[in-house]
Amino acid sequence: MQQRLSLLNRTSKIIDRLRAAGCVFAEEEAELLLAEATDAAGLERMITRRVSGDPLEYVLGWAEFRGLRIAVEPTVFVPRTRSGLLVEQAAVGLGPGAVAIDLCCGSGAIGAALAATVDDLELYATELDPAAVRCARRNLTGPRQTVLAGDLFDPLPDRLRGRVDVIVANLPYVPTEQIALMPREAREHEARIALDGGPDGLDLQRRAAAAAPGWLRPGGRILIETGRRQAPYTAEILARNGFRTMISTDDEIDGTAVIGIHPDVQRDTR
């Protein structure tokens, strides 16, 4: 009983410190910190980092995404719940042995969740940021999971051209001037390259949409996460590159994805 009271007292003090620092979910965070710490000194270091403003995911060293623990480190984009919509929609119709690309994969969370959903998925994940590449290689370790360092499609092997079933792309889509309006934990801690989508937020979407037809099989799909207000413009970008488009939304997780379906006749964009 005395030990339990001591633990409750310690937990209460941690919660008080987290609340004083402005942590909205102090109780849940205290439980996670206590579970992750290996000793008292380590716990104190974690609490100190958190109350000083470090994102919880960086303090823990992982983020939860669709039931998976995704390794993250400072500056790496933290996977958002809303990206689960990409996973759900991308998995539709995929069978064992399907070929997928996780474009601008960040930590590899979307690819990892898709691979956990689709049996025997052949997955290729590309990422430009070195810190994110390191994390993706920790999260994508399966025998048919390959992480490649480079810009968009550039590092992919030519043998994939014309045979990819699905491309998932959570490309940076925040307009440059709106980054200052993002939550502090994102704008001050995540790498700018993971957030900045250019003046209208659509720069990388344009590049990806233009190159994607050369990689997809006839009838293959590209799915792009985007903002609710941006979705019609994302759909227009895909349509201009020969895709049939649809917009999918999930109000519960605030997710928006634009789906482009490749025409039945493959065209060469090389």
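In this convention, every chain numbers its residues from 1, walking through the sequence in written order. Since the coordinates come from a predicted model, pLDDT governs what is reported: local features require at least 70, and pairs of side-chain atoms require 80 or more to be given and counted, while whole-chain, interface and lining totals use all residues. Side-chain figures throughout are based on the complete set of non-hydrogen atoms in the structure, without hydrogens or water.

Quick word on the packing of aromatic side chains
Right, on to step 1. Only Phe, Tyr and Trp rings are paired, with Trp represented by its six-membered ring, and only when their centres lie within 6.5 Å; those with planes under 30 degrees apart are stacked, over 60 edge-to-face, the remainder tilted. Going through the model one piece at a time under the given rule, you end up with one aromatic pair.
Right, on to step 2. Between Phe-153 and Trp-215, the ring centres sit 5.9 Å apart and the planes meet at 5°, which makes this aromatic pair stacked. Remark: Trp-215 occurs in the loop between helix H9 (203–211) and strand E7 (216–225) and Phe-153 occurs in the loop between strand E5 (145–149) and strand E6 (164–169); sequence separation between them is 62 residues.
Right, on to step 3. Burial classification: accessible surface area is computed with a 1.4 Å probe over protein chains only, and a residue below 20% of its type maximum counts as buried, one above 50% as exposed, and the rest as partly exposed. Overall, the relative accessible area of 5% leaves Phe-153 in the buried class.
Right, on to step 4. Looking at Trp-215, the relative accessible area reads 3%, which means it is buried.
Right, on to step 5. Throughout this description, the term charge over a ring refers to an Arg CZ or Lys NZ atom that lies within 6 Å of the ring centre and within 35 degrees of the ring normal. Positioned above the aromatic ring of Trp-62 is the side chain of Arg-69, whose terminal nitrogen or guanidinium carbon lies 3.9 Å from the ring centre.
Right, on to step 6. One Lys or Arg, Arg-161, reaches over the ring of Trp-215 and ends 4.2 Å from the middle of that ring. Secondary structure is summarised from DSSP: a helix means a run of H or I of at least four residues, a strand means a run of E of at least two, and numbering begins at the N terminus for each.

Some points on the environment of Met-182
Right, on to step 1. If you trace the backbone, Met-182 turns up in the loop between E6 and helix H8 (184–189).
Right, on to step 2. Accessibility expressed as a relative area gives 14% for Met-182, which makes it buried.
Right, on to step 3. For the pair Met-182 and Leu-195, spaced 13 residues apart in the sequence, the C-alpha separation amounts to 9.7 Å.
Right, on to step 4. Other than its neighbours up to four places away in sequence, Met-182 contacts Arg-80, Val-174, Arg-187 and Leu-195. In what follows, a contact means two residues having at least one pair of non-hydrogen atoms within 4.5 Å.

Topic: unusual backbone geometry
Right, on to step 1. Backbone geometry at Asp-120 places phi at a positive 55°, although glycine is not the residue there.
Right, on to step 2. Along the polypeptide, Asp-120 turns up in the loop between helix H6 (109–117) and strand E4 (122–127).
Right, on to step 3. Residue Asp-120 is classed as partly exposed on the basis of its relative accessible area of 46%.
Right, on to step 4. Its identity as a non-glycine residue notwithstanding, Asp-254 has a phi of 60°, on the positive side.
Right, on to step 5. Here Asp-254 is to be found in the loop between strand E8 (244–250) and strand E9 (255–261).
Right, on to step 6. With relative accessibility at 45%, the residue Asp-254 sits in the partly exposed group.

Points about the confidence of the model for the chain
Interpretation of the predicted coordinates at a detailed level should be avoided for regions scoring low in pLDDT.
Right, on to step 1. Here the chain averages 93 in pLDDT, while 94% of its residues score no lower than 70.
Right, on to step 2. Confidence drops under pLDDT 50 across residues 265–270; counting only partners more than four residues distant or on other chains, this segment forms 15 contacts. For every residue, the pLDDT score states the predictor's confidence, bounded by 0 at the bottom and 100 at the top.

So, the nonpolar core
Right, on to step 1. Joining through side-chain atoms within 4.5 Å is the link that ties buried Ala, Val, Leu, Ile, Met, Phe, Trp, Tyr and Cys residues into a set, and such a set is a nonpolar core. Core analysis: the largest hydrophobic core is formed by 30 residues, its most contacted members being Phe-65, Leu-94, Leu-114, Leu-121 and Val-166.
Right, on to step 2. Where this core is concerned, the elements lending two or more residues are helix H5 (84–91), H6, E4, helix H7 (130–139), E6 and E9.
Right, on to step 3. Discounting residues that sit within four places of it in the chain, Leu-121 has contacts with Leu-94, Ala-98, Ala-100, Leu-114, Ala-115 and Arg-144.
Right, on to step 4. Of all hydrophobic cores here, the second largest spans 29 residues; its members include Tyr-124, Phe-153, Leu-160 and Val-164.

Some points on the pattern of salt bridges
Right, on to step 1. Each salt bridge in this description consists of a side-chain nitrogen of Lys or Arg and a carboxyl oxygen of Asp or Glu lying within 4 Å of one another. Under the defined criterion, the tally for this structure stands at 21 salt bridges.
Right, on to step 2. Among the ionic pairs, Glu-122 bridges to Arg-163, the shortest N-O distance being 3.4 Å. Of this pair, Glu-122 sits in strand E4 while Arg-163 sits in the loop between E5 and E6, placing them 41 residues apart in sequence.
Right, on to step 3. Glu-122 sits in the buried class, given a relative accessible area of 11%.
Right, on to step 4. Note on Arg-163: relative accessible area 33%, which makes it partly exposed.
Right, on to step 5. Linking Arg-217 and Asp-165 is a salt bridge whose minimum nitrogen-to-oxygen distance equals 2.5 Å. With a gap of 52 residues between them, Arg-217 in strand E7 and Asp-165 in strand E6 connect regions that are remote in the sequence.
Right, on to step 6. Among the charged side chains, a salt-bridge network with shared partners connects Asp-120, Glu-122, Arg-144 and Arg-163.

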